[in-house]
Amino acid sequence: GALFFESSNKFSITSGEYSGFPTYLCYGWLPDQWRYSLRKAMQGPDIMKLGIDFNQFRHSQLRREFQKAGFRQIFDRVQMADESAVTTGFRRKAVRWSRKLPPVKALALTFCEATRFICLK
């Protein structure tokens, strides 16, 4: 089997999860209860029934879970990136360095805007 997974990234600097909150304030970094309280205060208590970002993921956490689920090949966004299609010079260099140096890859995955994987059984 194959799985394509994409979700928000807990530690992204900018957050697409909730546009009513200034993205530079690291919304995803807030503890769950703070995020829930903020959303209820700004959108009313029904937001908890209608849908909120209940799950906040990190790359390392997801990779472990995919391995536990029996996926044998797990490709993250750095491994999937087409360097020639990356539009900015900074991002192109980030992909190149992330592939060469594991600590740079870990940092890039920690702060990128989304978690994205392709997993194969």
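Residues numbered from 1 in each chain as written. Predicted model: local features only at pLDDT ≥ 70, side-chain atom pairs only at ≥ 80, totals over all residues. Heavy atoms only, no water.

**Digging into the overall build of the protein chain**
When you go through the protein chain residue by residue, the secondary structure sums to six helices and three strands. Ordered by position from N to C terminus, the α and β elements of the protein chain give β-α-α-α-β-α-α-α-β. For the protein chain, with 121 residues in total, the buried portion stands at 35%. Counted over contacts in the protein chain with a minimum sequence separation of 6, partners at least 24 positions apart contribute 62%. Working note: accessible area of the protein chain is about 7700 Å², and carbon and sulfur atoms make up 60% of it. (Helix = DSSP H or I, 4+ residues; strand = E, 2+ residues; numbered from the N terminus. Buried < 20%, exposed > 50% of the residue type's maximum accessible area, 1.4 Å probe, protein only. Contact = heavy atoms within 4.5 Å. Areas by Shrake-Rupley, 256 points an atom, 1.4 Å probe, with all protein chains shown as cover.)

**Re helix α3 (residues 59-68)**
Listing the buried residues of α3 in full gives H59, L62 and F66. Viewed along the axis of α3, the buried residues span an arc of 65 degrees, placing them on a single side of the element. On its buried face, α3 sits against β1 (2-8), β2 (73-76), α4 (77-80), α6 (102-111) and β3 (114-120). Phi for G70, located one or two positions after α3, is positive at around 95 degrees. (Arc of directions from axis to C-beta.)

**Digging into the packing of aromatic side chains**
Under the defined criterion, the tally for this structure stands at three aromatic pairs. Residues F5 and F66 carry aromatic rings whose centres are separated by 5.6 Å and whose planes lie at 70 degrees to one another, so their mutual orientation is edge-to-face. Of this pair, F5 sits in strand β1 while F66 sits in helix α3, and the two are 61 residues apart along the sequence. Each member of the pair, F5 as well as F66, is classed as buried. (Phe/Tyr/Trp six-rings, centres within 6.5 Å; stacked < 30°, edge-to-face > 60°.)

**Remarks on the pattern of salt bridges**
Considering all chains together, one arrives at six salt bridges under this definition. The partner of D76 in a salt bridge is R63, and the shortest N-O contact between them spans 2.6 Å. Residue D76 is located in strand β2, and its partner R63 is located in helix α3; the two are separated by 13 residues in the primary sequence. Assessed through its relative accessible area of 0%, D76 is described here as buried. Here R63 falls in the partly exposed class, since its relative accessible area comes to 23%. (Salt bridge = Lys/Arg side-chain N within 4 Å of Asp/Glu carboxyl O.)

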